[in-house]
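# Descriptive structure summary
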Amino acid sequence: MDMDSDSQKINIKSQEAGDPPVPMDSENSSAIKKNDGKENEELTNSMKKLQVEESSSGSGQAAVSNFKRKPVIVIVVGMAGSGKTTFMHRLVSHTHESNIRGYVMNLDPAVITLPFGANIDIRDTVRYKEVMKQFNLGPNGGILTSLNLFATKFDEVISVIEKRADQLDYVLVDTPGQIEIFTWSASGAIITEAFASTFPTVIAYVVDTPRSASPVTFMSNMLYACSILYKTRLPLVLAFNKIDVAQHQFALEWMEDFETFQAAVNADSSYSSNLAQSLSLVLDEFYKNLRSVGVSAVTGAGMKDFFNAIEASADEYMETYKADLDKRRAEKQRLEEEHRKENMEKLRKDMEKSRGETVVLSTGLKDKDERGKAMMDEDEEDEVEEEDEVFSEDEEGIDEDEDEEVGRFSF
Ligand SMILES: Nc1nc2c(ncn2[C@@H]2O[C@H](COP(=O)(O)OP(=O)(O)O)[C@@H](O)[C@H]2O)c(=O)[nH]1
Ligand SMILES: [Mg+2]
């Protein structure tokens with residue numbers, strides 16, 4: 001399915017068209033004509049041009065120079081039913097009361113009603129039921145595919161937030177309960193990386209505290225959180241929710257002293273104590289890398305602690321994650337630069353050899369591109385109708401909502 005056709009603009013309730021990325025000029029990069037006598041000058045100019053185009057075409061590089069300290073992105077994840085949406089609602093109320101400027105995003109395509117007004121809502125762009133029908137999927141696959149479709153348009157979401165960055169302290173993101181989105185699916189990686197390469201980004205992992213009172217459930221929940229931490233490499237805050245029903249003291253004790261946890265596991269005869277012992281050693285290391293707070297989405301307990309933990313994590317992001325990201329970027333850039341130099345050298349040799357003839361780079365890329373494009377065009381014609389059903393194009397209605405949604409925030 002071709003997602004780039006103009007007819008499927010993402011619907012965002014504060015839409016301002018993002019600048020389109022500067023495309024590489026394939027004519028110039030694949031074939032260069034030489035004029036008599038001036039070949040050296042021509043060659044130098046062409047090379048300069050190529051260099052400029054290369055550096056302006058990488059959106060990732062642009063993101064590095066645009067990196068902003070605010071807003072902090074808070075991605076709320078956790079098992080289905082742990083209280084993510086209710087917690088989001090509580091966070092939104094807290095931001096209103098405390099004059100914190102927030103933006104709210106819903107990434108759950110299957111939710112029927114939201115207790116808060118979302119500024120950006122996946123449901124405005126992807127129709128989950130249509131996705132299920134068209135791709136013949138069950139509810140779980142429908143949610144994953146909807147997120148994959150949305151992820152292909154995520155650069156637009158980022159550019160909307162970038163434009164409002166000066167007016168925002170936080171962007172709060174609600175997600176579906178399918179935790180595998182963030183542990184192995186492509187869309188989870190695309191979404192978190194897109195956020196994290198532009199803004200400080202923190203994961204808030206919501207735990208259903210009363211349900212985690214059994215050591216086995218607690219461990220499996222922590223293993224999920226652990227895999228999200230290592231997969232995303234982002235700072236993580238554990239929000240022990242529903243403390244109005246059960247206090248999270250037991251969890252803090254288990255995390256602090258792993259012998260207490262082992263004693264609890266051993267008392268639970270349903271679990272192999274050997275496995276539990278090795279796993280609790282792994283988790284012991286994991287606990288050192290995160291912050292935990294007890295919260296209640298229902299009573300509002302723990303909100304201050306939660307935001308303090310988010311601020312501390314955002315600082316940690318700037319110190320460690322950002323440095324790591326920059327290092328990886330610099331390495332990528334270095335490799336690209338090397339590759340580019342090699343290509344330039346090849347081009348120079350080709351031009352010297354051809355002496356006045358038209359030179360076509362021998363990479364075969366141009367042919368491939370054209371073949372690929374021809375195939376895409378055919379596909380596009382077949383699929384246009386289907387896609388119209390999947391994507392809502394009711395942009396006018398959305399614009400009307402804009403003022404109302406933004407009005408809920410204090411800026
Ligand atoms: N007692 C209590 N119930 C909560 C709390 N947070 C959420 N819930 C309940 O947990 C259920 C699932 O909440 P929901 O926000 O839909 O969870 P999600 O699937 O993670 O988005 C709902 O019935 C909520 O009322 C809380 O802090 N305390
Ligand atoms: Mg929810």
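Residues numbered from 1 in each chain as written. Chains lettered and ligands numbered in written order. Predicted model: local features only at pLDDT ≥ 70, side-chain atom pairs only at ≥ 80, totals over all residues. Heavy atoms only, no water.

### As for the overall build of the chain
Looking only at helices and strands, one finds 16 helices and 9 strands in the chain. Taken across its 411 residues, the chain has 45% of its residues classed as buried. In the chain, 80% of the contacts between residues at least 6 apart in sequence involve partners at least 24 apart. With the model as given, the accessible surface of the chain reaches about 21,000 Å², and the carbon-plus-sulfur share is 49%. (Helix = DSSP H or I, 4+ residues; strand = E, 2+ residues; numbered from the N terminus. Buried < 20%, exposed > 50% of the residue type's maximum accessible area, 1.4 Å probe, protein only. Contact = heavy atoms within 4.5 Å. Areas by Shrake-Rupley, 256 points an atom, 1.4 Å probe, with all protein chains shown as cover.)

### As for the packing of helix H10 (residues 215-232) against helix H12 (residues 258-267)
For any two helices packed against each other, one specifies the inter-axial angle together with the distance between the axes. Look at H10 against H12: their axes get within 9 Å of each other, and the N-to-C directions meet at 125 degrees. As far as their axial angle goes, H12 and H10 are oblique. The segment H10 lies against H12, with Pro215, Phe218 and Met219 engaging Phe261, Ala264 and Val265. Along the lines of polarity and charge, the residues of the contact of H10 with H12 split into 6 nonpolar, no polar and no charged. (Axes fitted to C-alpha atoms, helices over the stretch in contact; angles between N-to-C directions. Parallel < 35°, antiparallel > 145°, perpendicular 65-115°, else oblique. Nonpolar A, V, L, I, M, F, W, Y, C, P; charged D, E, K, R; others polar.)

### Regarding the confidence of the model for the chain
For the chain, the mean per-residue pLDDT works out to 76, and 68% of the residues sit at or above 70. Low pLDDT (under 50) marks residues 1-9, which in the prediction has 23 contacts with non-local residues, meaning those over four places away or in another chain. (pLDDT = per-residue confidence, 0-100.)

### Observations regarding the site of ligand 1
Taken together, 15 residues form the shell around ligand 1, and within it Lys84, Thr85, Thr86, Asp244 and Ala297 come nearest. Asp244 is positioned such that a nitrogen or oxygen atom in its side chain is 2.8 Å from a nitrogen atom of ligand 1. Within the backbone of Ala297, an N or O atom sits 2.8 Å from an oxygen atom of ligand 1. Look at ligand 1: alone it shows 590 Å² of surface, and the protein chains cover 66% of it. Take the shell around ligand 1: its biggest share by element is 3 residues, from helix H4 (residues 84-97). Residues of the shell around ligand 1, tallied by class, amount to 5 nonpolar, 7 polar and 3 charged. (Near = heavy atom within 4 Å. Polar contact = N/O pair within 3.5 Å; in protein donor to acceptor, adjacent residues only side chain to side chain.)

### A word on the sheet that holds strand S3 (residues 102-106)
Pairing within the open sheet is parallel, and its 7 strands lie in the order S4-S3-S5-S2-S6-S7-S8. The two strands at the open ends of the sheet, each matched to only one other strand, are strand S4 (120-121) and strand S8 (290-294). Pairing of S3 with strand S5 (residues 170-174), which is carried by 5 bridges, proceeds in the parallel orientation. Its bridge partner being in S5, Gly102 is matched across the sheet by Tyr170. The strands touched by H4 are strand S2 (72-78), S3, S5, strand S6 (201-208) and strand S7 (236-241); relative to S5, the strand with the most contacts, the crossing angle is about 160 degrees. Lying on the sheet, H10 is in contact with S2, S6 and S7; it crosses S6 at an angle near 170 degrees. (Pairing = 2+ DSSP bridges.)

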